[in-house]
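Here is how the chains run, residue by residue.
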Amino acid sequence: MTLKASIASAINTFFHSEREGIDLSNKIVLNSTRKEFDGDYTLVVFPFSKMAKKSPQDTAEAIGEYLKENVEIIEDFNVIKGFLNLSLKQEHWTKVLTDLSTSEEITIPKKDKKVIVEFSSPNTNKPLHLGHIRNILLGWSISKILKSAGYDVLNTQIVNDRGIAVCKSMLAWQLYGDGETPESSGIKGDHLIGKYYVIFSKKIKEEYAQWQKSEEGSRVKAEQIKDGEEASVFFKRYENTYFNEYSKLGLQAKEMLQKWEQNDTEIRALWKKMNDWVYAGFEITYNNLGVHFDKLYYESDTYLLGKDIIEEELKVNQFYKKDDGSVWMDLEDVGLDHKLVLRSDGTSVYMTQDIGTAEKRYENHGAEKMIYVVGNEQDYHFKALFEILKKLGRPYADGLYHLSYGMVDLPSGRMKSREGTVVDADDLMNEVIGEAAKNASEREIQLDIPEAEKTEINRKVGMAALKYFILKVNPKKRMVFDPKESVDMKGDTGPYIQNAFVRIQSILRNYGDEIPTYTKGYTDIKEIEKELLVLLDGYPRVIEEAAAQYDPSQIASFSYQLAKTYHRFYNDVRILKAESEEAKSFRLNLCRVIGIKLAHSMDLLGVEMPEKM
RNA sequence: GGUCCCGUAGCUCAGCUGGAUAGAGCAGCUCACUUCUAAUGAGCAGGCCUCAGGUUCGAAUCCUGACGGGAUCACCA
């Protein structure tokens, strides 16, 4: 039984609460005692003061007496201003350590529930960038956390491999590519495609500029410009219409999309060839990020899904049809608008697809929970999607969750691909690894490490810096990233935590032998050692909380706290030269379990630990 | 304009279902490596927790309303 549970049960007895049919356990607030006061844990007694019909001070005294008598592991107590500070017996701490040493697995009960986590979901017309990195790291981490919290997890992504954007890249390559391939150019596949996407944008910009000066352009402007509107403002506003109605390139791209939809052999072949280049490129990026997927969905397979559900449900009046043939659902009763689910020409929209894919995934995998890792600009869409599925009475509707995260901004503001301010994922990873290498070269300790091993260490350290930097921030918040300042490696960072682990490994190496299990005899457990044990003891609850809130930043906080306390411990006490054999044995075991938990928690963030650095 | 998210030190962020004097890191200034890895530790300095009300024994935390920032409100995805 945990300490909290023991106290809860004692308090219930103390107040005879079962006689009244109430349970006081949810009123129990138990914190670790602040450094300035004596004690290990602190119970807040204000909630009980009224029930006891005594002042907080007297209530605390009374509860303290009772707990000391009736809870085995409580050694003593003191009361300060309505806070009951409890000290635990030495045996408690010894037991925490031996429990941790004997069972290395985190003991969280299996939930026996299947979860699908969808993340990344890139477009195949350009390479991944910093925004994707946040998405991918969040998705990967939350998947790991859920697994660790006892769920059965499946990672998936939906590859947006079709549509007008993809055709733009294809067309540009056809027109200006001169047969260029990743092999011929030495450019990574996704970057090559991205290059042609940019070329398309450039060409259409030129074409548009020409058109603005042409007879037709002047005429349209004269006809449609608002009073007092600047020409430049008008043309910016008119861009989409131009693309759809006047642009030659736009027309060609749209024709290409039509041919694609009609399964035109030549276009499909080109499409497949170019997508394969992109996938090869993505594969490299995913590998470098250390993530993988269990199941891929392709938009080219799923974009027609959902229509039949809508036809079916239309019959039982879940949807309604307007005169023009378009199909809608009324979501006003849940505070949203009317939402289009089928165009007047009968073709599907984004929402249609998402309804279909959710259904299909449920059929395929029977998952009770589905987590969509998607940026917060789509909050409205997912709210609507979930409401629609609820109204359709889908069994999985209550298990849907949109893990919405804020944008990654540059100090200058939002990243814009048109302005070339997008931070490329591959470049960024190379940069942080380079930074790690630079820092390492200034350290003497690495001199005798072979070159190949150094490279591997730098990779781990650089990636840790990047991943931790991104995951330590609460997902909901938008975050600022300054590519010029690169990523820190000191203080509250990934490498700092790795360093704690490395120090532990170094000690274990220096000790040489297998560490003997700690039995007993160390009677003078220090405050800092208790602090470490309190942290370790609370780890399973941290995981459950992070899983419940879909928030990796809580794991990051824990890892930092543990590493920080360890560094302090390392500076305060000798381990291999401890004052007694008992102390040495205790501390070596403590080091070992801390190493295990550090590695475990960082693994939940997708961070690898080096043995040396 | 409607809806949603965010607002804590110069900067980047913690602060759990309300609990003791609001915590870290970076940047700035001191100090500590013949020692188990100094990518470390100890210290100094830095705060009308955006503002105003309300609930409470107690509010950075909950509620309401302002203000500031962002997103979204397409027969785009």
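Since the structure is predicted, the reported quantities are computational estimates derived from the model, not experimental observations.

## Overview of the sheet that holds strand 9 (residues 327-330)
Move 1: Strand order in the open sheet made by the 3 strands is 8-9-10, with antiparallel pairing throughout. The open sheet is flanked by strand 8 (320-321) and strand 10 (338-342), the only strands paired with a single partner.
Move 2: Where strand 9 lies against strand 10, 4 bridges are found, and the strand directions are antiparallel. Of the residues in strand 10, the one forming a bridge with Trp328 is Leu340.
Move 3: Relative to the sheet, helix 16 (residues 307-315) contacts strand 8, strand 9 and strand 10, its axis offset from that of strand 10 by approximately 120 degrees.

## A closer look at the domain arrangement of chain A
Move 1: Partitioning chain A into domains gives domain 1 (3-88), domain 2 (163-262) and domain 3 (426-603).
Move 2: When each unit is reduced to the centre of its C-alpha atoms, the spacing between domain 1 and domain 3 is 34 Å.
Move 3: Taken together, the contacts link 4 residues of domain 1 with 4 residues of domain 3.
Move 4: Buried area between domain 1 and domain 3, both sides added, is near 320 Å², and the carbon and sulfur share of it is 45%.
Move 5: For the domain 1 face of the interface with domain 3, the top three residues by lost area are Lys35, Asp40 and Tyr41, together amounting to 82%.
Move 6: The salt bridge involving Lys530 is made with Asp40; its shortest N-O contact spans 3.6 Å.
Move 7: At the junction of domain 1 and domain 3, the tally comes to 0 residue pairs in polar contact (both at pLDDT 80 or more).
Move 8: Class assignment for the residues of the side of domain 1 that touches domain 3 results in 1 nonpolar, 1 polar and 2 charged.

## Details of empty space enclosed by the protein
If a probe as big as a water molecule is rolled over the atoms, it shows which places are left empty.
Move 1: Applying the stated rule across the entire model yields 1 cavity of 30 Å³ or more.
Move 2: Considered as a void within the structure, the largest cavity measures approximately 50 Å³ in volume.
Move 3: Taken together, Thr124, Val166, Ser169, Met170, Ile193, Trp271, Met274, Asn275 and Val278 form the lining of the largest cavity.
Move 4: Elements with a minimum of two residues in the lining of the largest cavity: helix 7 (164-176) and helix 14 (265-289).
Move 5: In terms of residues, the lining of the largest cavity owes the most to one element, helix 14, which gives 4 residues.

## Some thoughts on the environment of Ser121
Move 1: The topology assignment puts Ser121 in the loop between strand 5 (114-118) and helix 6 (130-148).
Move 2: Judged by relative accessible area, Ser121 falls into the buried class, the value being 18%.
Move 3: For Ser121 and Asn160, which are 39 residues apart along the polypeptide, the C-alpha to C-alpha distance reads 6.7 Å.
Move 4: Engagement of the side chain of Ser121 in a polar contact is seen with the side chain of Glu118, the distance being 3.4 Å.

## A word on the sheet that holds strand 7 (residues 295-298)
Move 1: Spatially, 5 strands are ordered 7-6-5-11-12 in an open sheet, and the strand pairing comes out parallel. Each edge of the open sheet is held by one strand with a lone partner, namely strand 7 and strand 12 (400-405). Strand-to-strand twist of the sheet, defined as the mean angle between neighbouring strand axes without regard to direction, takes the value 25 degrees.

## A word on the protein's contact with RNA strand B
Move 1: Taken together, 64 residues are adjacent to RNA strand B, and Asp324, Arg443, Arg503, Ser506 and Val573 come closest.
Move 2: Between a sugar or linking oxygen of RNA strand B and a main-chain N or O atom of Asp492, the distance comes to 3.3 Å.
Move 3: Side-chain polar atom of Ser557 to a sugar or linking oxygen of RNA strand B: 3.5 Å apart, as the coordinates give it.
Move 4: Tallying contributions element by element places helix 21 (residues 494-511) first for the surface near RNA strand B, with 8 residues.
Move 5: Classifying every residue of the surface near RNA strand B gives 26 nonpolar, 15 polar and 23 charged.

## Observations concerning the nonpolar core
Move 1: If you look at the biggest cluster of nonpolar residues, it comprises 149 residues, and the most contacted ones within it are Leu67, Leu84, Leu146, Tyr566, Leu590 and Leu598.
Move 2: In this structure, Ile310, Leu314, Phe319 and Leu331 belong to the second largest nonpolar core, which totals 30 residues.

## So, the pattern of salt bridges
Move 1: Scanning the model with the defined rule gives 29 salt bridges in all.
Move 2: For Arg162, the salt bridge is made with Glu299, and the minimal N-O distance between the two is 3.2 Å. Pair noted here: Arg162 is in the loop between strand 6 (152-159) and helix 7 and Glu299 is in helix 15 (residues 299-302), with a separation of 137 residues, a long-range link. Each member of the pair, Arg162 as well as Glu299, is classed as buried.
Move 3: The salt bridge partner of Asp276 is Lys272, with a shortest N-O separation of 2.8 Å. Of this pair, Asp276 and Lys272 both sit in helix 14, 4 residues apart, which is roughly one turn of the helix.
Move 4: Among the residues examined, Asp276 registers a relative accessible area of 36% and is labelled partly exposed.
Move 5: Judged by relative accessible area, which is 49%, Lys272 ranks as partly exposed.
Move 6: Linked by salt bridges that have partners in common, Lys526, Glu529, Glu579 and Arg587 make up one network.

## Quick word on the packing of aromatic side chains
Move 1: A full pass over the atoms with the stated rule returns 33 aromatic pairs.
Move 2: Geometrically, the ring pair formed by Phe234 and Phe235 is edge-to-face, given 5.1 Å between the ring centres and 65 degrees between the ring planes. Comparing Phe234 with Phe235, the two get one shared label, buried.
Move 3: Taken together, the ring pairs in this structure connect Tyr208, Trp211, Phe234, Phe235, Tyr238, Tyr242 and Tyr246 into an aromatic cluster.

## A short note on a negative patch on the surface
Move 1: A cluster of acidic side chains, namely Asp58, Glu61, Glu65 and Glu69, defines a negative patch on the protein surface.
Move 2: For Glu65, the position within the fold is in helix 4 (residues 56-70).

## Details of a positive patch on the surface
Move 1: A surface patch of like charges, here positive, comprises Lys205, Lys236, Arg414 and Lys416.
Move 2: Tracing the chain through its elements places Lys416 in the loop between strand 13 (408-409) and helix 19 (425-441).
Move 3: With relative accessibility at 39%, the residue Lys416 sits in the partly exposed group.

## Comments concerning the environment of Gly375
Move 1: The residue Gly375 is located in strand 11 (residues 369-375) in this model.
Move 2: Counting along the chain gives 33 residues from Gly375 to Val408, while the straight-line C-alpha distance between them is 9.9 Å.
Move 3: For Gly375, the contacting residues outside a window of four places in its chain are His402, Tyr405 and Met407.

Each value, and the rule that gives it
- Residues numbered from 1 in each chain as written.
- Chains lettered and ligands numbered in written order.
- Predicted model: local features only at pLDDT ≥ 70, side-chain atom pairs only at ≥ 80, totals over all residues.
- Heavy atoms only, no water.
- Pairing = 2+ DSSP bridges.
- Helix = DSSP H or I, 4+ residues; strand = E, 2+ residues; numbered from the N terminus.
- Contact = heavy atoms within 4.5 Å.
- Axes fitted to C-alpha atoms, helices over the stretch in contact; angles between N-to-C directions.
- Domains from an automatic or database assignment.
- Buried area = accessible area lost by both parts, 1.4 Å probe.
- Salt bridge = Lys/Arg side-chain N within 4 Å of Asp/Glu carboxyl O.
- Polar contact = N/O pair within 3.5 Å; in protein donor to acceptor, adjacent residues only side chain to side chain.
- Nonpolar A, V, L, I, M, F, W, Y, C, P; charged D, E, K, R; others polar.
- 1 Å grid on protein atoms, 1.4 Å probe; cavity = no way out; pocket = protein on both sides within 12 Å on 5 of 7 lines; lining within 4 Å.
- Points joined across faces, edges and corners; volume = space filled by probe spheres on them.
- Buried < 20%, exposed > 50% of the residue type's maximum accessible area, 1.4 Å probe, protein only.
- Near = heavy atom within 4 Å.
- Core = buried A, V, L, I, M, F, W, Y, C linked by side-chain atoms within 4.5 Å.
- Phe/Tyr/Trp six-rings, centres within 6.5 Å; stacked < 30°, edge-to-face > 60°.
- Patch = residues over 30% accessible without salt bridge, like charges linked within 9 Å, V, L, I, M, F, W, Y side chains within 5 Å.
- Areas by Shrake-Rupley, 256 points an atom, 1.4 Å probe, with all protein chains shown as cover.
- Lys, Arg positive; Asp, Glu negative; His and termini not counted.
- Charge placed at Lys NZ, Arg CZ, Asp CG, Glu CD.

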